[in-house]
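What the coordinates show
Each chain, letter by letter, is given below.
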Amino acid sequence: MSVDLSVVIPAYNEEGRLGPTLDAIRAYLDHPGGPVAESARWELIVVDDGSTDRTADIAAEAAARDPRVQLVRGGRNRGKGHALRRGVLASYGRRVLVTDADLAAPIEELPALEKALADGNTAAVGSRARPGATIDVHQHRLRELLGRGGNFLIRTVAVPGIRDTQCGFKLFDGDRARAAFAASRLSGWGIDVEILHHFRQQGWPVAEVPVRWSHQEGSKVKATDYVRVLAEVSALRVRGLRRADLLTLALFVAFAAVLYSARWISPDHRYLPHSLQDQNQWEWFFDVTAHNVGHLQNPLFTHLQNAPDGVNLMANTVMLGLSVPLAPLTWALGPAVSLNVAMTLGLAATAFAWYWLIVRRLVRHRGAAALGAALAAFAPPMVSHAHAHPNFIVLFMIPLIIDRALRLCEGRRVVRDGVVLGLFATYQIFLGEEPLLLAAMGMLLFTVAYAVVRRDVARASWRPLARGIGIALAVCLPLVAFPLWWQFFGPQSYKSVLHGDNAGNSPLALLSFSERSLAGDADTAASLSMNPTEQNAFYGWPLVVLAFLVVVRLWRRAVVRALAFTAVAAAFLSLGPKFRIPLTDVVLTGPWALLADKPLFESVIESRVAMVCAPALGMLVALAVGRLVARGDEGRPARGAPVRYAGLAAVALALLPLFPLPLKAVDRADVPAFIADGTWKEYVDTAAGETLVPVPLPDPGNAEALHWQAVADLGFRLPGGYFNGPWGPDRVGIYGASPRNTSNLLRDIRSSGRPVRLSDAWRRAAREDLRYWNAGVLVLAPQPGDAALRTTVDDLLGQRAKWVDGVWMWDVHGGG
């Protein structure tokens, strides 16, 4: 006679509770009219997990009295997962119930689970979190809160939609349960999540059923076990990646490492010249964040630059979302290594995130998705920003945000997806606000286009999408309210940063090649961009032609039309408020004119909007390659092969000219011994707030002094600097400190290389500026034009410079 129900109980040191539990289960299953018909059979399997008390003896005694009770003995204690696996694999039941030895969910709750299986599900999970659940005896409040938080993280990683993965009362279809447990690998508490994840992967429906539950004293589950489960499940997800996924990730990491290979040779002593002064700035950002974290200081502000006014760090994109987690690495190996790690791994993570989104939403073929993701992450504008702007290449959250918005459109778990979207947006704000704004623009363009071509989808999606966005805002805004207030209204905040009239792309830039592309030309790229870090288009005419052909060939697909509109609209917006038609004197008004003076948009470098084209083009390429490859997989006639190969060749020819070359790096200028050896400490009274004043003062054109400061462990303050700050009564944003007479004078002499005739007014202004800066010492390192600078400062101060440890130095304690 077949076994209708198998009940599996893992037990470890349960001598005080196992006996009553076995009696209760047997009595219930033998009760007339119970869930098991009299003509059917049940079995009760107790798995002893190496108990050191009388647990095994109690089970053995029950088995001696009733042959339907079995004892599976274990050796040493191996964990709940190991015990459950042994018990389920020893079962024969058409259905398998797993329950804990404390019977926190009473056996009388079994019919509710039975009904879920009768309704077509393959597993029914008892839940304490679903509406309708009853908790007769609660755990300690703190333990309950920790459990909920841990469970939230666990289900986010492995089994979205199941609120309570750890309740020990689950009913399975027997054959599927044995298959799942046979495939399981975990031996600890994470077995519940692993089994449910397996059911999800196989497409076997799982129901979550509210049950009655009571906390039992003596529970073996600790709050810290949720952390262990999360670690086990995370490792399981990593091991569960396909080989193609792991290979793709490895290739992206290798590609990013090759791109930065010239710096990885010696991060502390190599400099990317095309970063201009941005490498100095970003290393300083990572260093000052680690300093603030280590000294428990405000991470949103510092006085180390721009003394005495300081710098609003929240208004300077210091990427707290990375610089804070990387603080231990910065303490151990320095900011140059931290920045290199952030940019290399961040770029690879961005590529893999686009790959994940494309595989999930567009193209199942891994090779096609990898090619599209590579274009999205390593496109010419991305490589240009890779010199200097980690906030524009570490974009791995953007694909996750897009996917979460698409989930909202499906309308299945609006509250949960809205909450997650809010958390994702919050984290992205601490990685970079401008990329989030550009991503939102791209998503809006795509949404409008898709809604036009698929109005049925738009009608079904707009309500859950709007509701989810409202929930996301409700989650995000309280978390970022204070940092954003500090950014826009705190000390040293500013209103907007003006970038001039030439911040848009030329139409030719969209068709040309960037300097670091295989087919690039430095002179052409320089003539069509603001600087090497802002080559924001440069997709090349072959890719533009290919994209046009793809759109024509796949025009029937709504997603293709929406992607095409997104790319074209972003390209037009990137031209700026006005643009000139190439080879003519005709100047037209661009669509950006509608946004140029609006809050937030007025600070955007409009040529950067063309970066939205990169993922759109990458997805079009992925769709085209996926279609070409699928033709071969479908066993089409041989005559289709030439077309397929011609198509793949066309893709290769369009992308090959854009292949990025490794970034150039040069040896870094040596830090003067006066700084590196700590001689400066003899001349700067840091306790009195004195500053070290480089000659000329650091500014966006020459920020090497920020590197000095990093080498000196941020031991002294600097006037001037390279950052965004306010200027004038209108608090207009500028790069660097508000100009003063002496800083302007020294900057002009550095540019001209010639001293100037000084008046008493200049000398009085210098004394006033030195008092304002609370200068302790002025320092002039050897550099082009240093003779003119030294002569001028001698005259300004009325004292001759001293040569000390590789620098010219003027001792001016207290500013004179």
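As shown above, the structure is provided for reference.
Now for a look at the structure at hand. (Residues numbered from 1 in each chain as written. Predicted model: local features only at pLDDT ≥ 70, side-chain atom pairs only at ≥ 80, totals over all residues. Heavy atoms only, no water.)

Digging into the sheet that holds strand 8 (residues 206–210)
Note the threshold: Two strands pair under a simple rule: DSSP has to find at least two bridges between them. Each helix corresponds to a stretch of at least 4 residues labelled H or I by DSSP, and each strand to a stretch of at least 2 residues labelled E; elements are numbered beginning at the N terminus. Axes here mean lines fitted to C-alpha atoms, for a helix over just the part in contact, with angles spanning 0 to 180 degrees between N-to-C directions. For this analysis, residues touch if any pair of their heavy atoms sits within 4.5 Å.
Ordered by their spatial adjacency, seven strands build an open sheet running 3-2-1-4-7-5-8, and the pairing between neighbours is mixed. Of all the strands in the sheet, the pair left with one neighbour each is strand 3 (69–73) and strand 8. For this sheet, the mean inter-axis angle between neighbouring strands, taken without regard to orientation, is 20 degrees. Pairing of strand 1 (residues 3–11) with strand 2 (residues 41–48) involves eight bridges; the strand directions are parallel. Its bridge partner lying in strand 2, leucine 5 is registered against tryptophan 42. Contacting strand 1, strand 2 and strand 3, helix 2 (residues 55–65) crosses the sheet at an angle of about 150 degrees to strand 3. Of the strands in this sheet, strand 5 (123–127), strand 7 (169–173) and strand 8 touch helix 7 (residues 191–202), which is tilted by about 35 degrees from strand 7.

Describing the pairing of strand 2
Selection rule: When accessible area is computed with a 1.4 Å probe and restricted to protein chains, residues below 20% of their type maximum are described as buried, those above 50% as exposed, and intermediate ones as partly exposed. For a crossover, the right-handed case is the one in which the path from the first strand over the helix to the second runs clockwise, viewed with the strands pointing away from the viewer.
In terms of burial, strand 2 is largely enclosed, as seven of its eight residues are buried. Pairing of strand 2 with strand 3, which is carried by five bridges, proceeds in the parallel orientation. If you follow leucine 44 over to strand 3, its bridge partner there is valine 69. Traced from strand 2 through helix 2 to strand 3, the parallel crossover comes out right-handed.

Let's talk about the sheet that holds strand 19 (residues 775–780)
Strand order in the open sheet formed by four strands is 16-19-21-20, with mixed pairing between adjacent strands. Across the chains shown, the open sheet's two edge strands, defined by having one partner strand only, are strand 16 (691–694) and strand 20 (802–804). Sheet twist, expressed as the average angle between the axes of neighbouring strands with direction ignored, equals 35 degrees. Relative to strand 19, strand 16 runs parallel, the two being bridged by four bridges. The residue bridging threonine 691 from the neighbouring strand is alanine 775, located in strand 19.

What to know about the nonpolar core
Put simply, the test is: By nonpolar core is meant a set of buried Ala, Val, Leu, Ile, Met, Phe, Trp, Tyr and Cys residues that side-chain atoms within 4.5 Å join together.
In this structure, Leu543, Phe674, Ile675 and Leu692 are the most contacted members of the largest nonpolar core, which totals 149 residues. For this core, the element with the most residues is helix 14 (residues 335–361), which contributes 13 residues. Ignoring sequence-local partners within four residues, the contact set of leucine 543 consists of Leu375, Leu617, Val621, Ala654, Leu655 and Leu658. Residues Leu44, Ala62, Val69 and Ala207 belong to the second largest nonpolar core, which totals 34 residues.

Re unusual backbone geometry
Note the cis peptide between alanine 307 and proline 308, where omega equals 5 degrees. In this structure, proline 308 sits in the loop between strand 11 (301–302) and strand 12 (311–312). With an omega of -5 degrees, the peptide bond between valine 695 and proline 696 qualifies as cis. Relative to the assigned elements, proline 696 resides in the loop between strand 16 and helix 28 (704–711). Although it is not a glycine, glutamine 492 sits at a positive phi angle of roughly 60 degrees. Here aspartate 713, not a glycine, exhibits a phi torsion of approximately 55 degrees, which is positive.

Here we look at the state of the cysteines
Short version of the rule: Cysteine sulfur atoms are paired as a disulfide whenever they come within 2.5 Å of each other.
If you walk through the whole model with that rule in mind, you get zero disulfides. Counting only cysteine sulfurs, cysteine 476 is the nearest neighbor of cysteine 409, a cysteine outside any disulfide, at a range of 18 Å.

Examining the environment of phenylalanine 513
Within the fold, phenylalanine 513 resides in the loop between helix 21 (507–511) and helix 22 (522–527). When the C-alpha atoms of phenylalanine 513 and leucine 658 are compared, they prove to be 7.1 Å apart, with 145 residues separating the residues in sequence. In contact with phenylalanine 513, not counting residues within four places along its chain, are Ala519, Gly520, Asp521, Ala525, Phe538, Gly540, Trp541, Pro542, Pro657 and Leu658.

Here's the deal with the packing of aromatic side chains
What counts here: For Phe, Tyr and Trp, rings pair up if their centres lie within 6.5 Å, where Trp contributes its six-membered ring, and each pair is then called stacked (planes under 30 degrees apart), edge-to-face (over 60) or tilted (otherwise). Look at NZ for Lys and CZ for Arg. If either is within 6 Å of the ring centre and within 35 degrees of the ring normal, a charge sits over the ring.
Scanning the entire structure with this criterion turns up 19 aromatic pairs. A centroid spacing of 5.0 Å and a plane angle of 80 degrees characterise the contact between phenylalanine 199 and tryptophan 204, whose relative ring orientation is edge-to-face. For the pair phenylalanine 199 and tryptophan 204, one class covers both residues: buried. Of the aromatic side chains, those joined through ring pairs into one cluster are Phe172, Phe181, Phe199 and Trp204. Positioned above the aromatic ring of tyrosine 772, the side-chain terminus of arginine 740 is 4.0 Å from the ring centre.

Quick look at the side chain of glutamate 434
Heads up, the rule is: By the criterion applied in these results, polar contacts are pairs of N or O atoms within 3.5 Å in which, for protein atoms, one can donate a hydrogen and the other can accept it, and in which residues neighboring in sequence qualify only through two side-chain atoms.
In this fold, glutamate 434 is placed in helix 19 (residues 433–453). Within polar-contact distance, the side chain of glutamate 434 engages the side chain of arginine 608 at 3.0 Å. Every residue in contact with glutamate 434, bar those within four places of it in the chain, is listed here: Phe392, Val604, Ile605 and Arg608.

Here we look at a nonpolar patch on the surface
To keep things clear, this is the line we draw: Candidate patch residues must exceed 30% relative accessible area and have no salt bridge, after which like charges are joined if within 9 Å and Val, Leu, Ile, Met, Phe, Trp or Tyr side chains if within 5 Å. A 1.4 Å probe and the Shrake-Rupley method give the accessible areas. Residues count as covered only by the protein chains that appear here. By convention in these notes, a salt bridge is any Lys or Arg side-chain nitrogen within 4 Å of a carboxyl oxygen on Asp or Glu.
On the surface, Leu511, Trp541, Val544, Val545, Phe548, Leu549 and Val552 cluster together into a nonpolar patch covering about 680 Å² of accessible area. A total of six residues in the nonpolar patch trace back to one element, the largest contributor, which is helix 23 (residues 541–553).

What about the environment of aspartate 49?
Positionally, aspartate 49 belongs in the loop between strand 2 and helix 2. Looking at aspartate 49, the relative accessible area reads 5%, which means it is buried. Considered as a pair, aspartate 49 and leucine 84 are 35 residues apart in the sequence and their alpha carbons are 9.4 Å apart. When neighbours within four sequence positions are excluded, aspartate 49 is seen to be in contact with Ala11, Tyr12, Arg76, Asn77, Arg78, Gly79, Lys80 and Ala83. At 3.0 Å, the side chain of aspartate 49 and the backbone nitrogen of arginine 78 are in polar contact.

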